[in-house]
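# Reading the structure
Listed below are the residues making up each chain.
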Amino acid sequence: MVAAFSIANAQKVNVAKAFNNAEMQTAVLLAEIKNDTLAAKKNQVSPRTVENGQFKMVASNDWTSGFFPGELWYFYEYTKDKKWLDLARIYTDKIKKEQFNKGTHDLGFMIYCSFGNGYRLTHDTAYRSVIIQAAKSLSTRFNPVAGVIKSWDHTDGKWKYPVIIDNMMNLELLFETTKITGDSSFYKIAVSHANTTMKNHYRPDFSSWHVVDYDIQTGKVIQKVTAQGYSDESAWARGQAWGLYGFTMCYRETGNKAYLAQANAIAHFILTNKTMPADLVPYWDYNDPQIPNVSRDASAAAITASALYELAKYAPAGNNYKQVADKILYSLTTLYTSKPGDNKGFILEHSTGHRPAKSEIDVPINYADYYYLEALLRSRK
Ligand code: GLY
């Protein structure tokens with residue numbers, strides 16, 4: 001039995017209307033992409049954000065390159081309209097070469113949101129090959145002594161072997177690859193990473209550190225710090241959402257009850273946090289002392305809503321995760337969506353990317369839109 005969370009004034013979103021609005025916004029976004037001839041010259045293939053009024057496209061090796069193709073797949077899934085299928089195929093193909101990228105842990109985001117959704121919806125064997133190659137590339141970043149996949153190379157010199165909580169999201173690519181190939185090595189890496197993260201990334205209150213740095217000679221933790229949060233000991237909002245989503249997905253893929261208990265405990269931390277606003281869209285970090293005069297993170301809310309729809313199916317009787325997710329989705333739809341035609345066609349506003357770096361604060365951003373559409377789809381099931 002898990003506690004039911006307080007959700008005063010819960011109302012349900014009209015999914016058809018929300019999808020229709022999102023489709024109209026995305027038509028604006030597609031026109032922006034077409035007009036951005038400089039981006040095309042720089043091989044920038046995927047829209048990421050609008051910052052200081054500037055529309056920003058990114059190259060295929062950006063960690064967010066798979067979200068826009070993923071959104072197009074979600075539009076196709078919802079509408080079954082060939083127009084979206086054709087667009088999804090075009091934008092997915094633009095990031096194909098990343099299957100060979102061994103320089104980032106973000107291949108799960110990049111390839112699974114794009115090719116993964118494409119394969120799920122079309123069974124195209126060419127997509128299957130890309131998924132398998134990407135899983136092989138990602139697996140090269142696994143160290144058996146530490147038992148985890150290395151997240152970042154760009155911080156070499158500062159940290160030895162950093163693992164960020166976000167990395168839980170990249171495990172879905174590995175689980176899927178074992179399912180489609182029968183090769184259990186990918187599954188074993190994912191389980192080792194999840195178990196090690198569960199052991200080292202969480203505090204007694206089930207909030208998560210952002211970065212854990214490992215010594216790969218001994219496998220021991222060197223330090224626990226932050227990169228994108230308020231402080232080393234704070235709870236960065238999106239990190240809590242990545243963990244919730246990641247452990248829920250790991251339970252789906254393994255049936256290991258420890259992951260389910262972890263996801264329930266993370267949900268408890270998020271939903272009972274004293275700084276959580278009534279609309280359930282968190283401030284960017286649960287421990288920023290400037291709350292309420294700081295930016296929200298709509299992306300964390302969208303990821304949380306999507307995760308809770310799934311967790312609602314697995315959690316013990318008495319949980320009201322679905323109703324909580326409904327409430328988050330209602331808030332995002334009624335209070336955080338762009339006015340028609342605004343924000344260069346991005347769907348949601350008020351996300352926070354990297355506040356300590358003064359980057360992407362209170363902006364629309366592609367991963368908020370991706371998980372918002374995913375949550376809308378999940379809300380129907
Ligand atoms: N994975 C990077 C972020 O959530 O900002």
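The following paragraphs examine the structure supplied in this document. (Residues numbered from 1 in each chain as written. Predicted model: local features only at pLDDT ≥ 70, side-chain atom pairs only at ≥ 80, totals over all residues. Heavy atoms only, no water.)

### Topic: the nonpolar core
- Ranked by internal contacts, the top residues of the largest apolar core, which has 116 residues, are Leu171, Leu308, Leu332, Tyr371 and Tyr372.
- Looking at this core element by element, the count peaks at ten residues for helix 11 (residues 298-314).
- What Leu308 contacts, discounting residues up to four positions off in sequence, is Leu244, Ala267, Leu271, Tyr321, Val324, Ala325 and Ile328. (Core = buried A, V, L, I, M, F, W, Y, C linked by side-chain atoms within 4.5 Å. Buried < 20%, exposed > 50% of the residue type's maximum accessible area, 1.4 Å probe, protein only. Helix = DSSP H or I, 4+ residues; strand = E, 2+ residues; numbered from the N terminus. Contact = heavy atoms within 4.5 Å.)

### Quick word on the pairing of strand 8 (residues 351-354)
- Pairing between strand 8 and strand 9 (residues 359-363): three bridges, direction antiparallel. Residue pairing across strands places His354 opposite Ser359, the latter belonging to strand 9.
- Adjacent in sequence and paired antiparallel, strand 8 and strand 9 are bridged by four residues, among which Lys358 carries a positive phi angle near 55°. (Pairing = 2+ DSSP bridges.)

### Regarding the packing of aromatic side chains
- Enumeration according to the criterion identifies 28 aromatic pairs in this entry.
- Centroid distance Trp63 to Tyr367: 4.9 Å. Interplanar angle 35°. Geometry classified as tilted. Here the residue Trp63 occupies a position in the loop between strand 2 (54-59) and helix 3 (67-79), and Tyr367 occupies one in helix 13 (residues 366-379), the gap between them amounting to 304 residues.
- Residue Tyr367 is classed as buried on the basis of its relative accessible area, which comes to 1%. (Phe/Tyr/Trp six-rings, centres within 6.5 Å; stacked < 30°, edge-to-face > 60°.)

### Structural notes on the site of the ligand
- Around the ligand, a shell composed of Trp63, Asp166, Gln228, Trp236, Arg238 and Trp242 is seen.
- Arg238 is positioned such that a nitrogen or oxygen atom in its side chain is 2.6 Å from an oxygen atom of the ligand.
- Here an oxygen atom of the ligand sits 2.9 Å away from a polar atom, N or O, in the side chain of Trp242.
- Among the cavities detected, the one that contains the ligand is the second largest pocket.
- The class makeup of the residues in the shell around the ligand is three nonpolar, one polar and two charged. (Near = heavy atom within 4 Å. Polar contact = N/O pair within 3.5 Å; in protein donor to acceptor, adjacent residues only side chain to side chain. 1 Å grid on protein atoms, 1.4 Å probe; cavity = no way out; pocket = protein on both sides within 12 Å on 5 of 7 lines; lining within 4 Å. Sits in = over half its atoms within 2 Å of the grid points. Nonpolar A, V, L, I, M, F, W, Y, C, P; charged D, E, K, R; others polar.)

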